[in-house]
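Read off the chains here:
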Amino acid sequence: MRPSKLLLPLLVAVISMGVLTACGSSTKASSSPTTASGSPSGSSGAVTGATITIKNFAFSPSTLTVTPGSKVTVHNEDSATHTVTSVSTGFNTGDVAPGGTMSFTAPSTAGSYPYICQIHQFMHGTLVVR
Ligand SMILES: [Cu+2]
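Summary of the structure given here. Computed from a predicted structure; not experimentally measured. (Residues numbered from 1 in each chain as written. Predicted model: local features only at pLDDT ≥ 70, side-chain atom pairs only at ≥ 80, totals over all residues. Heavy atoms only, no water.)

**Brief notes about the nonpolar core**
Rules: To form a nonpolar core, buried Ala, Val, Leu, Ile, Met, Phe, Trp, Tyr and Cys residues must be joined to one another through side-chain atoms within 4.5 Å. Think of it in three bands: residues with accessible area under 20% of the maximum for their type are buried, residues over 50% are exposed, and the middle band is partly exposed, with areas taken using a 1.4 Å probe on protein chains only. The helix and strand labels rest on DSSP assignments: H or I over at least four residues marks a helix, E over at least two residues marks a strand, and numbering proceeds from the N terminus. Here, residues are in contact when the closest pair of their heavy atoms is within 4.5 Å.
Core analysis: the biggest nonpolar cluster contains 19 residues, and I52, F59, V66, V72, V84, F104 and L127 have the highest contact counts within it. Breaking this core down by element, the ones donating at least two residues are β1 (50-55), β3 (63-66), β4 (71-76), β7 (111-116) and β8 (124-129). The element that contributes the greatest number of residues to this core is β1, accounting for 3 residues. Once you skip the residues sitting within four places of it in the chain, F104 turns out to touch I52, S70, K71, V72, V74, V84, F91, T93 and L127.

**Details of unusual backbone geometry**
The linkage connecting S60 with the following residue, P61, adopts the cis geometry, with an omega of -5°. Within the fold, P61 resides in the loop between β2 (58-60) and β3. Even without being glycine, N56 reaches a positive phi, approximately 55°. Relative to the elements of secondary structure, N56 occurs in the loop between β1 and β2. Since its relative accessible area comes to 64%, N56 is described here as exposed. Positive phi outside glycine occurs at F57, with the angle close to 55°.

Following this line, the structure appears as structure tokens:
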């Protein structure tokens, strides 16, 4: 009876220590989301030369179909600044100056992505990814 009485507290101590350290290390790991907004601008193997042309406060074509992750060029032929901004999260060219050209990368997930001009929100278009 003597050896077991000595062993038990030791066992409990070892087990509790192990549980404590396991708990502490797993839950304390704070996953800080590093907002990496810098997308690599390496244009390697352009898929399709899809282009959205803005003219007379309208997107042309109004519905553009591209492959996932392909590069889309936006050309502004108006005398006003426009943007191509997806309604939900997806893409945003930012300001495209009159006569200017911008490009963005299409979403990698297939779907229908409505977009607007942030400045003239009556301007609507749809990017279809498939
Ligand atoms: Cu506009």
